[in-house]
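Secondary and tertiary structure notes
As a plain string of letters, each chain reads:
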Amino acid sequence: NVAMEKIIRRKSLQLRNKQQEWLDSSEGQQMLEFRKSLPAFKERDMLLKTISENQVVVVSGETGCGKTTQLPQYILESEIEAARGAACSIICTQPRRISAMAVSERVAAERGENLGESVGYKVRLEGMKGRDTRLLFCTTGVLLRRLLVDRNLTGVTHVIVDEIHERGMNEDFLLIVLRDLLPQRPDLRLILMSATLNAELFSSYFGGAPTIHIPGFTYPVRAHFLEDFVEMTGYRLTQYNQIDDYGQEKTWKMQKQAQAFRKRKSHIASSVEDALEAANFKGYSSRTQDSLSCWNPDSIGFNLIEHVLCHIVRRERPGAVLVFMTGWDDINSLKDQLQAHPIFGDPSRVLLLACHGSMASSEQRLIFDKPEDGVRKIVLATNMAETSITINDVVFVVDCGKAKETSYDALNNTPCLLPSWISKAAARQRRGRAGRVQPGECYHLYPKCVYEAFSDYQLPELLRTPLQSLCLQIKSLQLGSISDFLSRALQPPEPLSVQNAVEYLKVIGALDESENLTILGRHLSALPVEPKLGKMLIYGAVFNCLDPIMTVVAGLSVRDPFLMPFDKKDLAESAKAQFSAQDYSDHLALIRAYDGWKASEAQQSGYEYCWKNFLSAQTLKAIDSLRKQFSYLLKDTGLIDQRTKNCNTWSHDEHLIRAVICAGLFPGICSVVNKEKSIGLKTMEDGQVLLYSNSVNGAVSKIPFPWLVFNEKVKVNTVFLRDSTGISDSVLLLFGGKISSGGLDGHLKMLGGYLEFFMKPAIADMYLSLKKELEELIQE
Ligand code: ADP
Ligand code: MG
């Protein structure tokens, strides 16, 4: 022990000498000058003093004031100065892997070191840290996993949780675990950092911990909403077609490009006008999230962004441009589109960069560099550039208004699949990024009235993630009893809803009776879709009918592509009925409609097809892109084999598809009794139910199936079922619920409950013979 102490002492002194050497060098001096200019520096001593005197401290301050890069460094420096350098171990968590990497690199550079010496990082599957690393930046998920094996965080002296204002699920999870740990580790210091002033909530969660605010300064930023800058850019919409951006196209290629560009411009003009008209028409008076679904920026999309960027590059003063997009797939496609453009593709005019979680670190560094004179830097970024990364020279911000929430990166780091509207606070934050060095401009690609309908703040992820998925995450992180754990959260969800979610997970076989994750549950927790949809995907992969099942799952996650205009309801319903071809399934109708659209798309007649059949091309496109993401995900998680192509061997088998749909939607089942004049439908919980009239099963006089499985029910006065599919007794027996836990008997007992309730004695015999067969099968 004494020998050990001696080594630590010696190492600490070495660290101190090395730090002093750097500070004395001219480069070190220069770096120090920059660091001293940051607002955090003025608070350095106060911060250090408060941290040494309190177990928990909450620090807030504007983005860019120096929280992430400076505060952990102050602690490290002061420990080193006090010759305790080799005895300290500081962990600073980041919500995203890219910020953990970027920040650690920056801090190492500020200390005149290579990454992996005293400063390192660790993210899933990657890291750069040495034996003597004292300050480690890691993702929140990495620290959560470390806590699985080392409950006490042995040897760690400081934990800094960054970006807590984002209220990500992992950060909220981590705070619960750390709060439980604090009494057992009185020497451990916890520092929470936030970009906004909501420090009180966190302070009271930790029994009134002291809060420190770092005052900052930013320049004003002018906000332009869609209706403003359409005027401002000088292009009256109706005159779009006459404007020629390319006066002298010299080459044939340029002429072609210009032609294509003009065509696109007229397309933007009409879609912007349509969109504005729709927005005004609907008025957004109700200010509900519902009204937001009417406004769809996807219909304007990339072309509008391109148009705004063109305006900035050609007419605005120098300064970098930061474009907020929804995700890396969008970023990559826009980047491709822009690179083919005569202006943006010209490296002597534009430096086009992407900034998202999965980019290479060489590209990462370019984001912070100043481009050559006369070259305009344009960075296409996800919402991570909102707070965790600061690009200093940004003067223009383009904001598309949507984001894919960061969910589920606890174990898999897979992004949430669907973009949704941001909050007013996020829009303000995005705008603020333009005012770092001088007054800036922000282009919001939506009308002011849409902004007014945004919610004020983003709901914490814990309260916005579906509870069933949340419970699976808690189990996969081994955080103990679900309801106990959640009851200790900063803002806990309703206990009854939690209980219902746990019950549901047991019924579908994701949790066993004692609330442990089953094998199915483990796979489900790795897929960023609701458990029932995940189960459908897994069954689709297992039974080799993946393509149609991906269509169904994508359709259920996006929205119904079948349009039902009020004044043409009859026509629309009969158009949909054509796709059903008497098979009593909305889901099969969706599969046919999608396949038909794909075939027409291949012949460039997708739009006519949609028009004729009352389908939304936009929704079909969204389904298409989601399907691509699913197959990527399934490959990534190993559920489908990259090499073999047999995951569609049975895709033509309609019976099997029904069965897989049943596997996913169970226990959403209702019994069918065909009567003389009507059809009697009953569910276990609600008794008598009805079908929506736009279901293909809504208009028929007889349903030749004993059961319907359904995706969703809505209670008006009576309960109505949305999309449904007819299934047979044997399908329900084999695919309803689970066989694994509780053995076959348990499965049959549970199903038996359903069957008895619905009084279907006829299948009891089949039941028994099936049971025998199945038992033999399972023995094998
Ligand atoms: P905060 O966490 O408060 O948002 P940071 O500590 O991330 O602020 O950044 C403080 C300042 O350090 C930024 O304003 C920027 O000037 C500078 N900075 C941060 N990262 C880098 C980098 N990778 N390269 C150059 N400068 C950087
Ligand atoms: Mg920060």
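The rules behind each value
- Residues numbered from 1 in each chain as written.
- Chains lettered and ligands numbered in written order.
- Predicted model: local features only at pLDDT ≥ 70, side-chain atom pairs only at ≥ 80, totals over all residues.
- Helix = DSSP H or I, 4+ residues; strand = E, 2+ residues; numbered from the N terminus.
- Buried ≥ 20, exposed ≤ 12 C-beta atoms within 10 Å, placed from the backbone.
- Contact = placed C-beta atoms within 7 Å.
- Near = placed C-beta within 6 Å.
- Nonpolar A, V, L, I, M, F, W, Y, C, P; charged D, E, K, R; others polar.
- Pairing = 2+ DSSP bridges.
- Axes fitted to C-alpha atoms, helices over the stretch in contact; angles between N-to-C directions.
- Parallel < 35°, antiparallel > 145°, perpendicular 65-115°, else oblique.
- pLDDT = per-residue confidence, 0-100.
- UniProt positions renumbered as here; feature names shortened; annotations may be inferred.
- Core = buried A, V, L, I, M, F, W, Y, C linked by C-beta atoms within 7 Å.
- Right-handed = clockwise from strand over helix to strand, strands pointing away.
- Expected span 1.5 Å × (residues − 1).

The next subject is the overall build of the chain. The secondary structure content of the chain amounts to 33 helices and 23 strands. Within the chain, buried positions represent 42% of all 780 residues. Here the contacts in the chain between residues at least 6 apart in sequence split such that 72% fall between residues at least 24 apart.

Bringing the site of ligand 1 into the picture now. Neighbouring ligand 1 are 15 residues; G64, K67, T68, T69 and R106 lie closest to it. Where the shell around ligand 1 is concerned, the elements lending two or more residues are helix 5 (67-81) and helix 6 (97-110). Broken down by element, the shell around ligand 1 gets its largest block of residues, four residues, from helix 5. Tallied by class, residues from the shell around ligand 1 come to four nonpolar, nine polar and two charged.

For the rest of this paragraph, the subject is the sheet that holds strand 2 (residues 90-94). In space, the eight strands of this open sheet follow the order 4-3-5-2-6-7-1-8, with mixed pairing throughout. Each having just a single partner strand, strand 4 (126-128) and strand 8 (211-214) make up the two edges of the open sheet. In this sheet, neighbouring strand axes are inclined to one another by 20° on average, regardless of whether the strands run parallel or antiparallel. For strand 1 (residues 56-61) and strand 7 (residues 189-194), the ladder comprises five bridges, and the chain directions are parallel. Considered in strand 7, the bridge of S60 is made with S194. Helix-sheet contacts for helix 5 involve strand 1, strand 2, strand 5 (135-139), strand 6 (158-161) and strand 7, and the interaxial angle to strand 2 is about 170°.

Between helix 26 (residues 569-580) and helix 27 (residues 586-602), the least distance of the axes is 8 Å, while the angle of their chain directions is 95°. Taken together, helix 26 and helix 27 sit at an angle that is classed as roughly perpendicular. Across the interface between the two elements, K576, F579 and S580 of helix 26 pack against L588, A589, R592 and A593 of helix 27.

A few words now on the confidence of the model for the chain. With 82% of its residues at a pLDDT of 70 or more, the chain shows a mean pLDDT of 83. Strand 6 holds the highest mean pLDDT among the elements of the chain, 98, whereas helix 12 (residues 289-292) holds the lowest, 38. In this model residues 234-251 is a low-confidence stretch, pLDDT under 50, and it forms 16 contacts with partners more than four residues away in sequence or in other chains. Here residues 279-299 is a poorly scored stretch, pLDDT under 50, and it has 34 contacts once near neighbours within four places are set aside; other chains count. Interface confidence in the predicted complex, given as ipTM, is 0.99; pTM for the same model is 0.78.

Let us now look at helix 17 (residues 424-432). Looking only at helix 17, the buried set comprises A426, A427, Q429, R430, R431 and G432. Against strand 9 (221-224), strand 10 (320-324), helix 16 (384-387), strand 13 (394-399), strand 16 (440-444) and helix 18 (448-453) lie the buried residues of helix 17.

Per the UniProt record, "domain: Helicase ATP-binding" (unreviewed entry) is found at residues 48-215. Between the C-alpha atoms that bound residues 48-215 the distance is 17 Å, and the span itself is 39% helix and 23% strand.

Now for the environment of V308. Relative to the elements of secondary structure, V308 occurs in helix 13 (residues 301-315). In this structure V308 comes out as buried when scored by C-beta crowding, with 21 C-beta atoms within 10 Å. The sequence separation of V308 and I519 amounts to 211 residues, and the corresponding C-alpha distance is 50 Å.

Attention now goes to the nonpolar core. Membership of the largest hydrophobic core comes to 188 residues, with the highest contact counts inside it found for V323, V398, L537, V553, V660 and C662. Here this core takes eight residues from helix 30 (residues 654-665), the largest share from any one element. With residues up to four places along the chain from it excluded, the contact list for C662 reads V709, I727, V731, L732, F735 and G736.

Once that is clear, we can look at the packing of helix 24 (residues 531-542) against helix 25 (residues 546-557). For the pair helix 24 and helix 25, the least separation of the axes is 8 Å and the interaxial angle reads 170°. With respect to helix 25, the axis of helix 24 lies roughly antiparallel. Each of L533, M536, L537, G540 and A541 in helix 24 lies in contact with helix 25, whose residues at this interface are L546, I549, M550, V552, V553, L556 and S557. For the contact of helix 24 with helix 25, the per-class residue count stands at ten nonpolar, two polar and no charged.

Counting buried residues in strand 7 gives six out of six residues, a clear majority hidden from the surface. Neither face of strand 7 is exposed, since R189, I191 and M193 on one face and L190, L192 and S194 on the opposite face are all buried. Judged from the four bridges that link them, strand 6 and strand 7 form a sheet pairing that is parallel. Paired with H158 across the two strands is R189, which belongs to strand 7. Regarding topology, helix 8 (residues 169-181) serves as the crossover connection from strand 6 to the parallel strand 7, and that connection is right-handed.

The omega torsion of the bond from F666 to P667 falls at 10°, within 30 degrees of zero and hence cis. Even without being glycine, E515 reaches a positive phi, approximately 70°. You can call E515 partly exposed: it has 16 C-beta atoms within 10 Å. Phi is positive for N544, which is not a glycine, with a value near 55°. Secondary-structure assignment places N544 in the loop between helix 24 and helix 25.

Glancing now at helix 8. Over its 13 residues, helix 8 runs 19 Å from end to end, which matches the ideal 18 Å to within 8%, given 1.5 Å per residue. Taken residue by residue, helix 8 has M169, N170, E171, D172, F173, L174, L175, I176 and L178 as its buried positions.

An order of 21-22-19-18-17-20-23 is seen for the seven strands of this open sheet, with the pairing classed as mixed. The strands lining the two open edges of the sheet, one partner per strand, are strand 21 (713-715) and strand 23 (724-727). Each strand of the sheet is rotated relative to its neighbour by a mean of 40°, with strand direction disregarded. Where strand 17 (residues 669-674) and strand 20 (residues 707-710) come together, three bridges link them in antiparallel fashion. The residue of strand 20 that forms the bridge with S671 is W707.

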